[in-house]
Amino acid sequence: MDFKIIAKTFQGLEEVLAKEVTALGADNIEIGNRMVSFTGDQEMLYRANFCLRTAVRVLKPIAEFRADDADQVYEKVKNMPWEDYMDVKQTLLIDSVVFSENFRHSKFVAYRVKDAIADRFREQCGERPNVSISNPDIRINVHIAEDHVTVSLDSSGESLHKRGYRTGSVAAPLNEVLAAAIVMMTGWDGDCDFVDPFCGSGTIVIEAALIALNIYPGVFREEFGFERWKDFDEKLLEKIYNDDSQEREFMYKIYGYDINRQAVAIAQDNVRSAGVSKIVEVQQQDFYDFTWENERRAVMVTNPPYGERITTDDILDLYATIGSRLKQQFAGNDAWVLSSHDECFAKIGFRPSTKIALYNGSLPCEFHKYQVFSGRLSERREEGLELKTEDELRRNARFKPHRRDEEGDFDGKSWRREGSRDDEHYFRSRPDRKPQPRKPLFEGDDDFELNRRNFKWGDRDKDYTPEDGYLGFRNPLEHREKKTEHREDRPFRREDRPFRRDDRPFRRDDRRDNRRDDRRDNRRDNRRDDRRRREDDRRGPRKDRKWGFDSEGRPFRRDHNKKDDE
């Protein structure tokens, strides 16, 4: 019997996860925000946990209803048959995700759901289940969007990014799910060598090795959440676990480098723990000394430091070195770089053929692809070099929302080199201006294509009308000729607008006199202040002054002395 299944992931990885789910043979696939929903049976649920590389959790929805407050959620959850899903002796944990104005606190929702389950068991059998935070038997997920509530059983248990092969870690390790996703985004499928010059603890190279050998990440897991369910089928899980028919051989090599000796040792231990030491080689090397003497084609995927949790003495110089070393040593190959700051990408010096928006934890990042080649770009284009594929053009169009057609989809011709045919994007950022219907710039040129290099925004008439041409622009060629004629008729003559220095000469002596007067006034004021201080000293101490000085020049407070005398 098929039922609905939800696979959760990180933002930006939904399409990669959808491709994985499609490869598993699931039906009714729908992409949502940080999730992919599909339908399948119990075997599909087990395979989703065992095989998916880019999923964080796999949920099985068991109830959907509408509620306006926590009390309604309590009543709905209490009426559910929880005795069919768990025993009273089992421990539970409630995870709640809330996107609603009616529910202000997700923790309070979790408390009310826990109370509803506990009260139902107390009424049914006289005792209630306990809550366990560290190692619960049953995990329950509650998702609220406005007034729509979905209650699901978490079949994964611990997050699926915890593969089980990691024996050690370094500062700011890359998440395994994100590492597998960026490798899959490159399209690399084990058809050439693989390089990561900033491997850290080896997450990217290990995930690349598992993809190359087609080893599912579930083989390293000790336990899944569904193994504690009432309907757990142990034979079905053993069948999935022992099925190695999808594994394949890898005829190339995967290389990982890092400057930190401790990180290299940890990465080597992780590689051995994952069982991929035959195809993965990790060595200590500074990227300033990076060389690639292998004549075979290779793909580089790396996550260098970008100054957040890990930094260097000169982070921009590091990215400039990345560009120079790629140009000198990695020509003819592709390099993918994950980073966070535009300044870092700018220092690389290459124009990316594609870029993808991702999140590394809570940090917004971009994943850039660089096609490294020797020589100039114009020369390679003349030779027929295609920098961007159809998929990359479509992907890049998402960074340019003005290049959409009327139906909101991306037109196959809109991202071509000749430029966009949708010119209303200028007015989307200027709502006070209304677009005019498309018309030729001048008469007799019906096939004229808009090219922003032919004119400037300053060439627009102030009081234009639609009859004057498209957006009121004049013919740029005629305008240039008129401008030249006007300049010849009235050439620029400096004598018409002279700088009359003789009429207003620079008089240094006047400025010197002003400075002399200022100094004279300051001296006069200082002498006046000194005279007042001497007069005060002759008159004796003022009665309203609290502090004074004795014969030896030591300060004392008069009011204290008066109190002592009294």
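As a reminder, the structure under discussion sits directly above these lines.
Residues numbered from 1 in each chain as written. Predicted model: local features only at pLDDT ≥ 70, side-chain atom pairs only at ≥ 80, totals over all residues. Heavy atoms only, no water.

Participant: I'd like a rundown of the pattern of salt bridges, residues and numbers included.
Facilitator: Scanning the entire structure with this criterion turns up 22 salt bridges. One salt bridge in this structure joins Lys78 and Glu123, with 2.8 Å as the shortest N-O distance. Taken as a pair, Lys78 in helix α3 (residues 70-78) and Glu123 in helix α4 (residues 106-125) lie far apart in primary sequence, 45 residues in all. Note that Lys114 is salt-bridged to Asp115, the shortest N-O span being 3.0 Å. Note on Lys114: relative accessible area 21%, which makes it partly exposed. (Salt bridge = Lys/Arg side-chain N within 4 Å of Asp/Glu carboxyl O. Helix = DSSP H or I, 4+ residues; strand = E, 2+ residues; numbered from the N terminus. Buried < 20%, exposed > 50% of the residue type's maximum accessible area, 1.4 Å probe, protein only.)

Participant: Tell me about the pairing of strand β8 (residues 193-196), and please be specific about residues and values.
Facilitator: The side-chain alternation of β8 yields two buried faces, one formed by Asp193 and Val195 and the other by Phe194 and Asp196. Relative to strand β11 (residues 298-302), β8 runs parallel, the two being bridged by three bridges. Residue pairing across strands places Asp193 opposite Ala298, the latter belonging to β11. As paired elements, β8 and strand β9 (residues 254-258) share three bridges and run parallel to each other. What sits directly across from Phe194, in β9, is Ile254. (Pairing = 2+ DSSP bridges.)

Participant: Talk me through the pairing of strand β10 (residues 280-284); I want residue IDs and the actual numbers.
Facilitator: Summarising the sheet, β9 and β10 pair through five bridges and their orientation is parallel. The residue bridging Ile254 from the neighbouring strand is Val280, located in β10. The parallel pair β9 and β10, bridged by helix α8 (residues 261-274), forms a crossover whose chirality is right-handed. (Right-handed = clockwise from strand over helix to strand, strands pointing away.)

Participant: Mind laying out the sheet that holds strand β3 (residues 35-40), listing which residues take part and the relevant values?
Facilitator: Taken in spatial order, the seven strands of this open sheet run β2-β3-β1-β4-β7-β6-β5, and their pairing is mixed. Sheet topology places β2 (27-32) and β5 (92-99) at the edges, where each strand pairs with a single neighbour. Across the sheet, the mean angle from the axis of one strand to that of its neighbour is 30 degrees, orientation sign disregarded. Judged from the six bridges that link them, strand β1 (residues 3-8) and β3 form a sheet pairing that is antiparallel. Within β3, the position partnered with Phe3 by the bridge is Gly40. (Axes fitted to C-alpha atoms, helices over the stretch in contact; angles between N-to-C directions.)

Participant: Before we move on, can you summarise the environment of Met300 with the specific residues and values?
Facilitator: Turning to its location among the elements, Met300 is positioned in strand β11. A C-alpha to C-alpha distance of 9.5 Å links Met300 and Tyr255, two positions 45 residues apart in sequence. Leave out the neighbours within four places in its chain, and Met300 touches Val195, Pro197, Phe290, Leu326, Phe330, Asp334, Ala335 and Trp336. (Contact = heavy atoms within 4.5 Å.)

Participant: Could you give an account of the sheet that holds strand β14 (residues 363-371), with specific residues and numbers?
Facilitator: Taken together, seven strands build an open sheet; the order of strands is β10-β9-β8-β11-β12-β14-β13 and the sheet is mixed. The two strands at the open ends of the sheet, each matched to only one other strand, are β10 and β13 (354-360). For this sheet, the mean angle separating the axes of adjacent strands, direction not counted, is 20 degrees. The sheet contact formed by strand β12 (residues 334-339) and β14 spans six bridges and is antiparallel. Following the sheet pairing, Ser339 is matched in β14 by Glu366. Contacts from helix α6 (residues 203-213) reach β8, β9, β10 and β11 within the one sheet, and its direction differs from that of β9 by about 175 degrees.

Participant: Before we move on, could you go through the nonpolar core and cite the residues and values that matter?
Facilitator: Counting 68 residues, the largest nonpolar core has Ile182, Trp188, Ile254, Val276, Val280, Leu358 and Phe367 as the members making the most contacts within it. Take this core: its biggest share by element is nine residues, from α6. If we ignore the near neighbours within four places in the chain, the residues touching Phe367 are Ile182, Met185, Thr186, Val301, Trp336, Val337, Leu338, Thr354, Lys355, Ile356 and Leu358. Counting residues in hydrophobic clusters, the runner-up holds 52 residues, among them Phe50, Leu92, Val142 and Ile240. (Core = buried A, V, L, I, M, F, W, Y, C linked by side-chain atoms within 4.5 Å.)

Participant: An account of helix α7 (residues 234-241) is requested, with residue identities and associated values reported.
Facilitator: Here α7 has its buried residues at Leu236, Leu237 and Ile240. Angularly, the buried residues of α7 cover 100 degrees about the axis, an arc narrow enough to put them on a single face. α7 presents Lys235 and Lys239 as exposed residues on the side facing more than 90 degrees away from its buried surface. In this fold, the buried residues of α7 make contact with α2 (42-51). The backbone nitrogen of Lys235 lies 3.3 Å from a side-chain oxygen of the residue at the head of α7, namely Asp233. (Arc of directions from axis to C-beta. Polar contact = N/O pair within 3.5 Å; in protein donor to acceptor, adjacent residues only side chain to side chain.)

Participant: Outline the packing of aromatic side chains, supporting the account with residue identities and numerical values.
Facilitator: Applying the stated criterion across every chain yields a total of 19 aromatic pairs. Considering the side-chain rings of Tyr255 and Trp292, the 5.7 Å spacing of their centres and the 80 degrees angle between planes classify their relative orientation as edge-to-face. In this pair, Tyr255 is assigned in strand β9 and Trp292 in the loop between β10 and β11, connecting sequence segments 37 residues apart. Within the aromatic cluster, the residues linked to one another by ring pairs are Phe198, Tyr255, Tyr257, Phe287, Phe290, Trp292 and Phe330. (Phe/Tyr/Trp six-rings, centres within 6.5 Å; stacked < 30°, edge-to-face > 60°.)

Participant: An account of the side chain of Arg221 is needed here, citing residue identities and associated values.
Facilitator: You can see Arg221 is positioned in the loop between α6 and α7. Glu158 provides the closest opposite charge to the buried, unpaired Arg221, separated from it by 5.1 Å. Of note is the side chain of Arg221, whose polar atom sits 3.4 Å from the backbone oxygen of Lys162. Beyond its immediate stretch of four places on either side in the chain, Arg221 contacts Ser156, Glu158, Ser159, Leu160, Lys162 and Arg163. (Lys, Arg positive; Asp, Glu negative; His and termini not counted.)

Participant: Before we move on, can you summarise the side chain of Thr302 with the specific residues and values?
Facilitator: Counting through the fold element by element, Thr302 comes out in strand β11. Within the local environment of Thr302, its side chain forms a polar contact with the side chain of Asp196, the two groups lying 2.9 Å apart. Those residues within four positions of Thr302 in sequence are excluded, and the remaining contacts are Asp196, Pro197, Phe198, Ile204, Trp336, Val337 and Leu338.

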